[in-house]
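Fold and contact review
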Amino acid sequence: MQILSGRRTRVLAATTATAGLVLVAACTSTGNGGSGSKTAAGGVELVKAGQLTTCTHLPYPPFQSEIDGKVQGFDVSMIDLVAKNLGVKQQILDTPFENFKTGAFLNSGECDLAAAGMTITAERKKNVDFSDPYFDATQALMVAKDSGITSLADAKAKKVKLGAQAQTTGEDYAKKQGFDPVSFESSDAVLNGLRTGQVKAVVIDYPVVQGWLKDKANAAYKVAGQINTGEQYGFTVKKGNTKLLAAVNKAIKDAKADGTYKKLYEKWIGPYSPSAASPAAS
């Protein structure tokens, strides 16, 4: 997930779920812009007329990343379903990850919601309202195949220098296990840190590692262990935005019921199991 210099954001204009997203070279504006009513289907109030504005943080494959000039991924496809139900198009703002924990861009009226592969936590619930869980996540330890590292406990015993993405639950978990992880500002930087020898192992969400290992360029690496931390992802809206939250939850529920969720899961994540669609809250 690439953090841009300063607090500038990129605007990524979106079409409907079937057509993907197109990059627009522009900075965000706090003005409302657009024309027509900012009230969408179901009485949902939007920050800009005719669009569902989504804050995310790029790249974070397989949830959101630029592929062939378009922003695509599991989160993008799920929020496209929400936008379709509201009768609008999705537009994405690429913003710093720390804003998702505080809800800053939601509170300032720059975004309607946030979708960034974000774990539901009690601390984050103080600042934002989470949707129903839409993805069960685990962490993974990734190392070079010839590293000799067999587990997180082994990495700790060998005093291996560990890397993690800043401001994430993976970093928090590593710290709780007694590590002093090297913090990287994006998932790309985490991978680069491993490749260049800045760290000998990394802890990050397992679906991200799955995506990396599909690339032949990463054939020298492996998963040394999966870590079940009981995490679940949720989308977020500004506190008290009950109508939009209901629309998001409806899209998640309908997608799981009609097979759309399974189709998107298999496209972006991998083999599907019914437990992936479990409605249980974290």
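Structure first, text after, so check above.
Attention in this report is confined to the structure presented alongside it. All values reported here derive from a predicted model rather than from experimental measurement. (Residues numbered from 1 in each chain as written. Predicted model: local features only at pLDDT ≥ 70, side-chain atom pairs only at ≥ 80, totals over all residues. Heavy atoms only, no water.)

With that out of the way, let us pick up the overall build of the chain. Helix and strand content of the chain: 10 helices and 14 strands. Residues counted as buried form 50% of the 282 residues belonging to the chain. Surface summary for the chain: the accessible area is close to 12,500 Å², and the carbon and sulfur share equals 51%. (Helix = DSSP H or I, 4+ residues; strand = E, 2+ residues; numbered from the N terminus. Buried < 20%, exposed > 50% of the residue type's maximum accessible area, 1.4 Å probe, protein only. Areas by Shrake-Rupley, 256 points an atom, 1.4 Å probe, with all protein chains shown as cover.)

If you walk through the whole model with that rule in mind, you get one disulfide. Here Cys55 connects covalently by a disulfide to Cys111, the sulfurs 2.0 Å from one another. Measuring the twist about the S-S bond at about 65°, one finds the Cys55-Cys111 disulfide to be right-handed. Taken as a pair, Cys55 in strand E3 (residues 51–56) and Cys111 in the loop between helix H3 (104–107) and strand E7 (113–114) lie far apart in primary sequence, 56 residues in all. (Disulfide = S-S within 2.5 Å.)

The next point concerns the pattern of salt bridges. In this structure the tally under the stated criterion is five salt bridges. For Lys239, the salt bridge identified is with Asp129, shortest N-O distance 3.1 Å. Residue Lys239 is located in the loop between strand E14 (236–238) and helix H9 (242–258), and its partner Asp129 is located in strand E8 (residues 128–130); the two are separated by 110 residues in the primary sequence. Residue classification places Lys239 among the partly exposed positions, given a relative accessible area of 42%. Residue Asp129 is classed as buried on the basis of its relative accessible area, which comes to 18%. (Salt bridge = Lys/Arg side-chain N within 4 Å of Asp/Glu carboxyl O.)

Taken by themselves, the reported measurements are silent on function.
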